[in-house]
Amino acid sequence: VRPSGTDDDAARIAAAADEVAAWWSTEITRIEPGIIELRGFPIEQLISGADLPSVIWLLLRGEMPAEGQARLLEAALVSSVDHGPQAPSIAAARMAATCGVGLNSAVATGVNLLGDVHGGAGQQFMTILADIRTRESSGEEPHRAMRAVVKPWLAQQRYVPGFGHRVHPVDPRRKPLFSLLDSAVADGVIDGCYLRITRSIEALLTESRRPAPINIDGCTATVYAELGFPPELGRGLFVLSRAVGILAHAWEEQGTGRRIKGPFPPTAWARTPPRETGRGGR
Ligand SMILES: CC(C)(COP(=O)(O)OP(=O)(O)OC[C@H]1O[C@@H](n2cnc3c(N)ncnc32)[C@H](O)[C@@H]1OP(=O)(O)O)[C@@H](O)C(=O)NCCC(=O)NCCS
């Protein structure tokens, strides 16, 4: 039996503390009593001088964005913040909010629906843009590189992600976002190579029998690619933005006090004629 409080014990405790600190080591945050630093910036400085898009950029990229970069990121985040209850993620969050699960679960329900098919088109389109860029960088003629990537997608998947919309023949978010992108190219904030590729894909899809206009995922993917975000973070940023709309809808629904909201109003069920069972009864 060893007496407690020896030098050995102190050394062992210090070693364990170092091990735990190393286990949770991060370049993002430094937290000590009275100190909060994000990527080396004191929180006091960020509170008084930084906007949210810049802090998002700072946390993800490790440095502050230039003013023009922050403006573009903000525009993309604003543009995809909500698309109403026709979007399954919003509808699911609103239904969840009436089930007694609490706001956090309602928001998580909506966010968890943002998958490859609903909400994931931007990430997929960023991969397409990156593949075309890689071909261009190895000397392939741009139009040829674009067709070499897009045509197989169309053949295999039928759809190019980031194009087509059930509601909007022309997405109202395209014009302001593209105009900001054009200004950012003119100001030297971005180089415009992904914007050029997006426009060439738009032109290709306009030639087809049923033109598919660019949608919000295609527009924001172009912004995120121009800003140098990898495709996975493109999806992450979309989720961040859409989470705001999901929260607002879940909160509004919860505020109505409605219980157990289903996909149809009960009155619609009441008006539905009973179906014949085929066995002579109902
Ligand atoms: C959004 C979407 C589901 C809308 O689909 P829709 O309105 O039901 O369109 P349809 O499936 O009826 O397609 C109508 C025609 O346009 C074509 N089309 C639609 N979107 C297309 C796209 N993204 N790429 C190529 N062609 C497309 C279809 O091939 C179809 O042509 P056809 O009549 O010759 O078969 C569909 O455009 C799509 O899956 N887009 C890609 C994924 C995406 O970007 N999702 C995010 C939406 S905000």
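About the criteria used
- Sequence order sets the numbering: in each chain, residues are counted from 1 along the sequence as written.
- Only residues with pLDDT of 70 or above have their local features reported here, since the model is predicted, and side-chain atom pairs are shown and tallied only from 80 upward, although totals for entire chains, interfaces and linings are computed over all residues.
- Computation of side-chain values covers all heavy atoms of the structure but excludes hydrogens and water.
- The distinction between a cavity and a pocket rests on a 1 Å grid over the protein atoms alone: a 1.4 Å probe fits inside a cavity but cannot get out, while a pocket stays open yet meets protein on both sides within 12 Å along at least five of seven lines, and a residue with an atom within 4 Å of a point counts as lining.
- Grid points are joined across faces, edges and corners, and a volume is the space filled by probe spheres set on the points.
- Only runs of H or I of at least four residues qualify as helices and only runs of E of at least two qualify as strands under DSSP, and these elements are numbered from the N terminus.
- Residue type decides the class: Asp, Glu, Lys and Arg count as charged, Ala, Val, Leu, Ile, Met, Phe, Trp, Tyr, Cys and Pro as nonpolar, and the leftover types, Gly among them, as polar.
- When a carboxyl oxygen of Asp or Glu lies within 4 Å of a side-chain nitrogen of Lys or Arg, that pair is called a salt bridge.
- When the centres of two rings from Phe, Tyr and Trp lie within 6.5 Å, Trp using its six-membered ring, the rings pair. Their planes under 30 degrees apart give stacked, over 60 give edge-to-face, and anything left gives tilted.
- Any residue under 20% of the maximum accessible area for its type is buried, any over 50% is exposed, and the rest in between are partly exposed; the area is computed with a 1.4 Å probe on protein chains only.
- In this scheme, the term charge over a ring applies when either NZ of a lysine or CZ of an arginine sits within 6 Å of the ring centre and within 35 degrees of the ring normal.

Caption draft 1: How the structure looks around empty space enclosed by the protein. The full count for this structure, using the stated rule, is one cavity of 30 Å³ or more. Here the largest cavity defines a volume of roughly 50 Å³. Together, Gly119, Gly122, Gln123, Met126, Asp217, Thr220, Ala221, Tyr224, Gly234, Arg235 and Phe238 line the largest cavity. Secondary-structure elements contributing two or more residues to the lining of the largest cavity are helix H7 (121-137), helix H11 (216-226) and helix H12 (231-256). A per-element tally of the lining of the largest cavity places H11 first, with four residues. Counted by class, the lining of the largest cavity contains four nonpolar, five polar and two charged residues.

Caption draft 2: Highlighting the pattern of salt bridges. On inspection of all chains with the given rule, the structure shows 15 salt bridges. With a closest N to O distance of 2.7 Å, arginine 94 and glutamate 252 form a salt bridge. You can see arginine 94 sitting in helix H5 (residues 88-97) and its partner glutamate 252 sitting in helix H12, a full 158 residues away along the chain. For the salt bridge of glutamate 136 with arginine 196, the shortest nitrogen-to-oxygen distance reads 2.8 Å. In this pair, glutamate 136 is assigned in helix H7 and arginine 196 in helix H10 (residues 193-206), connecting sequence segments 60 residues apart. Three or more residues are tied together by salt bridges with common partners; here these are Arg94, Glu252, Glu253, Arg258 and Lys261.

Caption draft 3: Just the packing of aromatic side chains, in detail. Summed over all chains, the structure comprises three aromatic pairs. Measuring from centroid to centroid gives 5.5 Å for phenylalanine 125 and phenylalanine 163, while their planes differ by 85°, and the two rings are edge-to-face. Taken together, the residues phenylalanine 125 in helix H7 and phenylalanine 163 in the loop between helix H8 (142-157) and helix H9 (174-186) connect sequence positions 38 residues apart. Each of the two residues, phenylalanine 125 as well as phenylalanine 163, counts as buried. Relative to phenylalanine 229, the ring of tyrosine 224 has its centre 6.2 Å away and its plane inclined at 85°; by these criteria the two rings are edge-to-face. On the accessibility criterion, tyrosine 224 (2% relative accessible area) is buried. An aromatic cluster of three or more residues is present, and its members are Trp57, Tyr224 and Phe229. Cation over ring: arginine 61 sits above tryptophan 57, and NZ or CZ is 4.2 Å from the ring centre. Over the ring of phenylalanine 178 we find arginine 174, and its NZ or CZ is 4.2 Å from the ring centre.

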